[in-house]
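# Descriptive analysis of the structure
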Amino acid sequence: MPIARLSLRVLGEPAVVEADVPDRPARLDELLPFLRELDNRAIDRAVARTEAAGEKVSCQRGCSTCCRAQPVPVTPVEANALRRLVESLPEPRRTVIRERFEDRVRRLKDAGLADHFLKRAPDLTAESARAIGIQYFRLGLVCPFLDDDACGIYADRPFVCRQYLVTSPAELCADPFTNPVSVIPMPLAPAGATLRFTEPILGEPQHTVPLVLALEFAETHRETLETLVEPKAILPKWIDAIVRPDS
Ligand code: SF4
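Residues numbered from 1 in each chain as written. Predicted model: local features only at pLDDT ≥ 70, side-chain atom pairs only at ≥ 80, totals over all residues. Heavy atoms only, no water.

## A few points about the overall build of the protein
From N to C terminus, the protein includes 10 helices and eight strands. The C-alpha radius of gyration of the protein comes to 18 Å, within 12% of the 18 Å expected for a compact globule of 247 residues. In terms of principal-axis extent, the alpha carbons of the protein reach across some 50 × 45 × 40 Å. Here the contacts in the protein between residues at least 6 apart in sequence split such that 73% fall between residues at least 24 apart. Seen as two clouds, the 32 positive and the 36 negative side-chain charges of the protein have centres 2 Å apart. (Helix = DSSP H or I, 4+ residues; strand = E, 2+ residues; numbered from the N terminus. Rg over C-alpha atoms; globule rule 2.2 N^0.38 Å. Contact = heavy atoms within 4.5 Å. Lys, Arg positive; Asp, Glu negative; His and termini not counted. Charge placed at Lys NZ, Arg CZ, Asp CG, Glu CD.)

Written out as structure tokens, the structure reads:
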């Protein structure tokens, strides 16, 4: 697979992004590796800026509080990548992960919350969304990919997992709805840009779903999410939508 390369400036500093990109018609999720690398470079700069200001990132291996109850919103394209990733796992790992997903989905359905996330109401107020977010958090749905307090899909983790870095004491993350958690501001917002960019390509309204619903959501929307695009034509525009969201 050929390597694509992009030079750009992030927060005033030069950055280089390199990753494999298919040279044939491909699904949108096959372009995610390049966009994750773009996000990684932006996160590097955001962390460097934070540290230069005298603050320290609290997140470290072994601390997995944010993987233990947060909704972890993923875009539909990322959901399809996760569905494919789980399908590609060797046994018995695949069955273990699927069973964890089934357990979380069942608990979410029992709590009456699954439909809200699967069929997002367009007129949902910020207040209602927050109330539902708190209800979700109280369920304590541990991410199915978490093993021994470490991410089992680190290289493939969604944008939101990469971007959620805090400088406040780690123990405050146990209840981010109540505690004053300080999240590092990020220069790019790839998930939001991805929703806006992919909507006309996929021809369906795009909204995030909690990671625990990713497999079910991607299976329901499988045909749409498997749409093939021409990477050479699509990737530059997708990058533009991320680095220049207001243009
Ligand atoms: S994908 Fe990885 S980083 Fe993201 S919530 Fe799950 S275990 Fe945590």
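## Examining the environment of Pro190
In this fold, Pro190 is placed in helix H7 (residues 190–202). You can call Pro190 buried: its relative accessible area is 1%. Separated by 55 residues in sequence, Pro190 and Pro245 place their C-alpha atoms 9.3 Å apart. Once you skip the residues sitting within four places of it in the chain, Pro190 turns out to touch Asp39, Phe159, Gln163 and Ile242. (Buried < 20%, exposed > 50% of the residue type's maximum accessible area, 1.4 Å probe, protein only.)

## Here we look at the site of the ligand
The full set of residues close to the ligand is Cys67, Val72, Cys143, Leu146, Cys151, Ile153, Pro158, Cys161 and Leu211. Residues belonging to the shell around the ligand are distributed by class as follows: nine nonpolar, no polar and no charged. (Near = heavy atom within 4 Å. Nonpolar A, V, L, I, M, F, W, Y, C, P; charged D, E, K, R; others polar.)

## Focus on the packing of helix H1 (residues 32–52) against helix H10 (residues 231–243)
In the contact formed by H1 and H10, the axes pass within 11 Å of each other and the chain directions differ by 30°. Considered as vectors, H1 and H10 are oriented roughly parallel to each other. Relative to H10, H1 is oriented so that their crossing is right-handed. The segment H1 lies against H10, with Leu32, Phe34, Leu35 and Leu38 engaging Leu235, Trp238, Ile239, Ile242 and Val243. Residue composition of the contact of H1 with H10, grouped by class: nine nonpolar, no polar and no charged. (Axes fitted to C-alpha atoms, helices over the stretch in contact; angles between N-to-C directions. Parallel < 35°, antiparallel > 145°, perpendicular 65-115°, else oblique. Left-handed = near helix turned anticlockwise from the far one by under 90°.)

## Thoughts on the nonpolar core
Grouped burial of nonpolar side chains is what soluble globular proteins tend to show. Core analysis: the biggest nonpolar cluster contains 56 residues, and Leu35, Leu38, Leu108, Phe145, Leu211 and Trp238 have the highest contact counts within it. Each residue touching Phe145, except ones within four places of it in the same chain, is listed here: Leu82, Leu85, Val86, Arg93, Ile97, Arg100, Phe101, Ala150, Cys151, Gly152, Ile153 and Leu211. In terms of nonpolar packing, the next biggest core, distinct from the first, is built from seven residues, Val47, Leu165, Ile184 and Met186 among them. (Core = buried A, V, L, I, M, F, W, Y, C linked by side-chain atoms within 4.5 Å.)

## Looking at helix H2 (residues 76–88)
Its 13 residues place the ends of H2 18 Å apart at the C-alpha level, agreeing with the 18 Å of an ideal helix rising 1.5 Å per residue. With respect to burial, H2 is a largely interior element, 10 of its 13 residues being buried. The set of residues buried in H2 consists of Pro76, Val77, Glu78, Ala79, Asn80, Ala81, Leu82, Arg83, Leu85 and Val86. (Expected span 1.5 Å × (residues − 1).)

## Considering the environment of Val17
By the element assignment, Val17 lies in strand E2 (residues 13–20). Residue Val17 is classed as buried on the basis of its relative accessible area, which comes to 0%. The spacing of Val17 and Ala4 is 13 residues in sequence and 8.0 Å in space, taken between C-alpha atoms. Dropping the residues within four chain positions of it, Val17 is found in contact with Ala4, Arg5, Leu6, Leu8, Phe34, Glu37, Leu38 and Arg41.

## A look at the packing of H7 against H10
When two helices pack together, you describe them by how their axes are tilted relative to each other and by the distance separating the axes. Interaxial distance between H7 and H10 falls to 8 Å at its minimum, and their mutual angle equals 135°. In terms of orientation, H7 lies oblique with respect to H10. Handedness of the H7/H10 crossing: right-handed. Across the interface between the two elements, Pro190, Ala193, Thr194, Phe197, Thr198 and Ile201 from H7 touch Ile234, Lys237, Trp238, Ala241 and Ile242 from H10. Grouping the amino acids of the contact of H7 with H10 by side-chain chemistry returns eight nonpolar, two polar and one charged.

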